[in-house]
Amino acid sequence: MSLQLFAHPFSSYCQKVLIALYANGTPFEYKLLEQDHPENFEELRRHWPFGKFPILLDDGEPIIETTPIIEYLDAHYPGENRWIPPGEMEQRVRFLDRFFDLHVMENMSKISTDPLRPEGSRDHYGVEKARESLNVAYDWIEGQLGDPWAVGDKFTLADCAAAPSLFYADWVEPIRDQQPQLAAYRARLLAHPAVARVVDEARPYRHYFPLGAPDRD
Ligand SMILES: N[C@@H](CCC(=O)N[C@@H](CS)C(=O)NCC(=O)O)C(=O)O
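Residues numbered from 1 in each chain as written. Predicted model: local features only at pLDDT ≥ 70, side-chain atom pairs only at ≥ 80, totals over all residues. Heavy atoms only, no water.

**Student:** I tried to follow the sheet that holds strand 1 (residues 3–7) on my own but got confused; where do I start?
**Tutor:** Strand pairing within a sheet occurs via backbone hydrogen bonds; the two strands may be parallel or antiparallel. Taken together, four strands build an open sheet; the order of strands is 2-1-3-4 and the sheet is mixed. Two strands close off the open sheet at either side, each with one partner strand: strand 2 (29–32) and strand 4 (61–64). Geometrically, the sheet is characterised by an average inter-axis angle of 25 degrees between neighbouring strands, direction not taken into account. As paired elements, strand 1 and strand 3 (residues 55–58) share four bridges and run antiparallel to each other. For L3, the partnering residue across the bridge sits in strand 3 and is D58. Sheet strands in contact with helix 2 (residues 38–47) are strand 1, strand 2, strand 3 and strand 4, and its direction is about 80 degrees off that of strand 3. (Pairing = 2+ DSSP bridges. Helix = DSSP H or I, 4+ residues; strand = E, 2+ residues; numbered from the N terminus. Axes fitted to C-alpha atoms, helices over the stretch in contact; angles between N-to-C directions. Contact = heavy atoms within 4.5 Å.)

**Student:** Looking at this structure, how should I read the packing of aromatic side chains?
**Tutor:** Each pair of aromatic rings is reported with the distance of its centres and the angle of its planes. For the coordinates displayed, the defined rule picks out 18 aromatic pairs. Where Y168 meets F209, the ring centres are 6.0 Å apart and the plane angle is 10 degrees; that geometry is what we call stacked. Remark: F209 occurs in the segment after helix 8 (193–202) and Y168 occurs in helix 6 (residues 157–172); sequence separation between them is 41 residues. Residue Y168 shares its accessibility class with F209, and that shared class is buried. Seen in terms of ring centroids, Y205 and Y208 are 5.6 Å apart; in terms of plane orientation they differ by 50 degrees. Their pairing is tilted. On the accessibility criterion, Y205 (17% relative accessible area) is buried. A network of ring pairs unites the aromatic residues F10, F167, Y168, W171 and F209 as a single cluster. One cation-aromatic arrangement involves R197 over Y22; the distance from NZ or CZ to the ring centre is 3.5 Å. (Phe/Tyr/Trp six-rings, centres within 6.5 Å; stacked < 30°, edge-to-face > 60°. Buried < 20%, exposed > 50% of the residue type's maximum accessible area, 1.4 Å probe, protein only. Lys NZ or Arg CZ within 6 Å of the ring centre and 35° of its normal.)

**Student:** Would you take a moment to explain the site of the ligand for this structure?
**Tutor:** Neighbouring the ligand are the residues S11, S12, Y13, K52, F53, E65 and T66. Separating an oxygen atom of the ligand from a side-chain N or O atom of K52 is a distance of 2.8 Å. In this structure, T66 approaches the ligand through a side-chain N or O atom, which is 2.7 Å from an oxygen atom. Alone, the ligand offers 510 Å² of accessible surface; in the complex the protein occludes 71% of this. When atom positions are compared with the pocket grids, the ligand is found to occupy the largest pocket. A breakdown of the residues in the shell around the ligand according to their chemical character gives two nonpolar, three polar and two charged. (Near = heavy atom within 4 Å. Polar contact = N/O pair within 3.5 Å; in protein donor to acceptor, adjacent residues only side chain to side chain. Areas by Shrake-Rupley, 256 points an atom, 1.4 Å probe, with all protein chains shown as cover. 1 Å grid on protein atoms, 1.4 Å probe; cavity = no way out; pocket = protein on both sides within 12 Å on 5 of 7 lines; lining within 4 Å. Sits in = over half its atoms within 2 Å of the grid points. Nonpolar A, V, L, I, M, F, W, Y, C, P; charged D, E, K, R; others polar.)

Shown next as structure tokens:
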């Protein structure tokens, strides 16, 4: 079996999957989605006409959407970290994965990609709502987090989703003093070797950040 990941280092959803691959040392071929590789975009669209990434190919068979990709890795390429530990933790891991994707990553993306819209098509109302929702998410998760990881001592799918979403969310809407647990969790995530690696690999692309990357992290 051979894995190929169509991805870009600066993309938050790609980082979610890259963290899982790196943390378990799972070998794969990186199909970089950059302008000097148009053939990779063409191949991505052949498998997934929406053109959203990442996608994973296993011997040419596509696995699409980040959560199913990590579920697939857990089932077919198991490693030191179980991404969805069986037993009583499973439901919590799945719920927090949805929480970070839907309530942190999506609001962060709405805010950070609005400047890319054509002039006259900016969505100021939507961006304001996304900021409000992000603050609701910060307040809610503050009392919910395990230590050191989202569900306790196991680094799971929930942490793979949390790391890139909180990394960038703090750039667009800084985590506040009222959320010390969340700030500490973000710092622990950034110190994890697989997360530190994706952050470092994305560094050369920071100028892509539409709002301007802050001079930190
Ligand atoms: N729900 C999808 C989201 C994927 C997604 O939105 N990826 C972004 C990159 S971070 C993307 O493809 N953006 C380009 C586009 O929307 O055309 C997943 O979990 O895989």
